[in-house]
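# Per-entry structural report
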Amino acid sequence: MLEADEAADIEEVQAWAAGLDALHARVAGRFARSEPRRRALAYLRGLLGNVTRKNGWQLAEHAGERTPDGMQRLLSTAGWDPDLVRDDLREYVVEHLGDPGAVLVVDETGFLKKGTTSVGVQRQYSGTAGKVDNCQLGVFLAYASPKGRAMIDRELYLPESWTDDPARCKAARVPQEVGFRTKPQLAQVMLERALDAGVPASWVTADEVYGGSPALREWLEERQVPYVLAVKCTELLGVDGPQGPVRTSAEQLATAVPAEQWITCSAGHGAKGRRLDDWTRVGLAVPATAGMARWLLVRRSRSDGELAFYACYAPATTPLIGLVRVAGIRWAVEEGFEQAKGEVGLDHYEVRRWPGWYRHVTLALLAHAFLAITRAQATNLERAKGGTAA
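Remember, predicted model here, so these are calculated numbers, not experimental data.

### Describing the overall build of the protein chain
Helix and strand counts for the protein chain come out as 13 helices and 12 strands. Over its C-alpha atoms the protein chain spans a radius of gyration of 23 Å, differing by no more than 12% from the 21 Å that the globule rule assigns to 390 residues. By its C-alpha atoms, the protein chain is 75 × 65 × 40 Å across when sized along the principal axes. Within the protein chain, the proportion of its 390 residues that are buried is 50%. Long-range pairs, those at least 24 residues apart, make up 63% of the contacts in the protein chain between residues at least 6 apart in sequence. A total of about 18900 Å² of accessible surface is found on the protein chain, and carbon and sulfur atoms cover 51% of it. On the protein chain, the mean spot of the 47 positive side-chain charges and the mean spot of the 49 negative ones are 4 Å from each other.

### Let's talk about unusual backbone geometry
Of note, the phi angle at R173 is positive, near 60°, even though the residue is not glycine. A positive phi angle is found at Q224, which is not glycine, with a value near 60°. By the secondary structure assignment, Q224 is in the loop between α10 (214-222) and β6 (227-231).

### Observations regarding the environment of W279
Of note, W279 is situated in strand β10 (residues 273-283). When its relative accessible area of 0% is taken as the criterion, W279 is described as buried. Taking the C-alpha atoms as reference points, W279 and R181, 98 residues apart in sequence, are found 34 Å from one another. Here C265 takes part through its backbone oxygen, which lies 3.5 Å from a polar atom of the side chain of W279.

### Brief notes about the pairing of strand β11 (residues 292-300)
Within a regular strand, side chains alternate between the sheet's two faces. Across the nine residues of β11, seven count as buried, placing the element largely inside the fold. Linking β11 to strand β12 (residues 307-315), which pair antiparallel, is a turn of six residues; within it G305 sits at a positive phi near 80°.

### Some points on the packing of helix α8 (residues 183-196) against α10
Where α8 meets α10, the closest approach of the two axes is 10 Å, and the angle between their N-to-C directions is 15°. Put simply, α8 runs roughly parallel to α10. When you trace α8 past α10, the crossing you get is right-handed. Residue-level contacts link P184, Q188, L191, E192 and L195 of α8 to L216, W219 and L220 of α10. Looking at side-chain class alone, the contact of α8 with α10 contains six nonpolar, one polar and one charged residues.

### Notes on the nonpolar core
Soluble globular proteins tend to pack their nonpolar side chains together in the buried interior. Counting residues in each nonpolar core, the largest one holds 123 residues, and the members touching the most others are L104, L297 and Y310. Ranked by the residues each element gives to this core, the list is headed by helix α13 (residues 354-389), at 15 residues. Residues contacting Y310, with those up to four places away along its chain left out, are V228, L229, A230, V231, W279, W295, L296, L297, R299, A327 and W331.

### Describing helix α2 (residues 34-48)
Taking 1.5 Å per residue, 15 residues should reach 21 Å; α2 reaches 22 Å between its end C-alpha atoms and fits that length. Of the residues making up α2, those classed as buried are P36, R39, A40, L41, A42, Y43, L44, G46, L47 and L48.

### With respect to the packing of aromatic side chains
Enumeration over the complete set of coordinates arrives at 11 aromatic pairs. Relative to F370, the ring of W16 has its centre 5.1 Å away and its plane inclined at 85°; by these criteria the two rings are edge-to-face. Residue W16 is located in helix α1 (residues 2-27), and its partner F370 is located in helix α13; the two are separated by 354 residues in the primary sequence. Classification of W16 as partly exposed rests on a relative accessible area of 32%. F370 sits in the buried class, given a relative accessible area of 2%.

Rules used in this analysis
Residues numbered from 1 in each chain as written. Predicted model: local features only at pLDDT ≥ 70, side-chain atom pairs only at ≥ 80, totals over all residues. Heavy atoms only, no water. Helix = DSSP H or I, 4+ residues; strand = E, 2+ residues; numbered from the N terminus. Rg over C-alpha atoms; globule rule 2.2 N^0.38 Å. Buried < 20%, exposed > 50% of the residue type's maximum accessible area, 1.4 Å probe, protein only. Contact = heavy atoms within 4.5 Å. Areas by Shrake-Rupley, 256 points an atom, 1.4 Å probe, with all protein chains shown as cover. Lys, Arg positive; Asp, Glu negative; His and termini not counted. Charge placed at Lys NZ, Arg CZ, Asp CG, Glu CD. Polar contact = N/O pair within 3.5 Å; in protein donor to acceptor, adjacent residues only side chain to side chain. Pairing = 2+ DSSP bridges. Axes fitted to C-alpha atoms, helices over the stretch in contact; angles between N-to-C directions. Parallel < 35°, antiparallel > 145°, perpendicular 65-115°, else oblique. Left-handed = near helix turned anticlockwise from the far one by under 90°. Nonpolar A, V, L, I, M, F, W, Y, C, P; charged D, E, K, R; others polar. Core = buried A, V, L, I, M, F, W, Y, C linked by side-chain atoms within 4.5 Å. Expected span 1.5 Å × (residues − 1). Phe/Tyr/Trp six-rings, centres within 6.5 Å; stacked < 30°, edge-to-face > 60°.

Listed below in structure tokens is the structure:
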């Protein structure tokens, strides 16, 4: 039995290595010279390996190199475009996890930093720290399907304190054409890339930062993309009145819902099992597109009665539970950030300039996608074996 287990372990390691080699082969053509091409594979192996702190020194040691110079060149001056590798990442994820019913999830995460020279750093609110702190903020686009979840795009949020200081941006090698863009604007850029690339998905979801942008909601409706976007209780939403549309706050609309119109259902599984809450929805002003509808979706905590609100746009036949399911998917993406930071060093970088941030983060997302897809394949294999046995 032990020999069989050892053989299975060896087979698993070999399959892992072959899968990583295949992933590297997918992006190898993006590196014009052999040195960065080879080092990119070593970098990915280090991100996926048993390396405590995945910075230049430790990744170099893992690759058997005496100094971090080569790894630093890979992130700073080597000739390759991380945006092209991002496109390869997106295709890789869609190839393995693609599903027409998938959800595109926008979320952000903070990278705590010391000093003032790291590109985009300033004192700003970070959900990672749960407070205002000195940090960078990255906005990410994740892909969530029944087959698995992985991130497919990223943008660094550059505050006005940076975009208003050309000398500071030049020192950090920020491209001249980069100007200030809000987080919802960055989200729209990434969503547009995904939609234009034909990424199969039926929904978009995000938190209040993005749901509170009427421009983003309007753009999604113009593209005929259904959404479930969190909004604040004070968000003014249009409802059809006797004299035409009127704007009412989300909280006021929820207060007017009769008790019998609340139902208990789950938005998904959490650490303690199914997350049961009370849910309801209120019809909003009817959009111009036939067959589509807008709603305010409301979640009420069964423990303390706290309310959460979501602006929704979807086919008029969409059931309440369908909206609830999409709302719940956003929470799972936070687990993706934890995994990417804890397992592949998403936040372990020590680069300070624009190119280095995009290069490290792109390679880290590629490594995280490899883990997510490998695990999804293993899970599906176990399910298939169980089904055969049954």
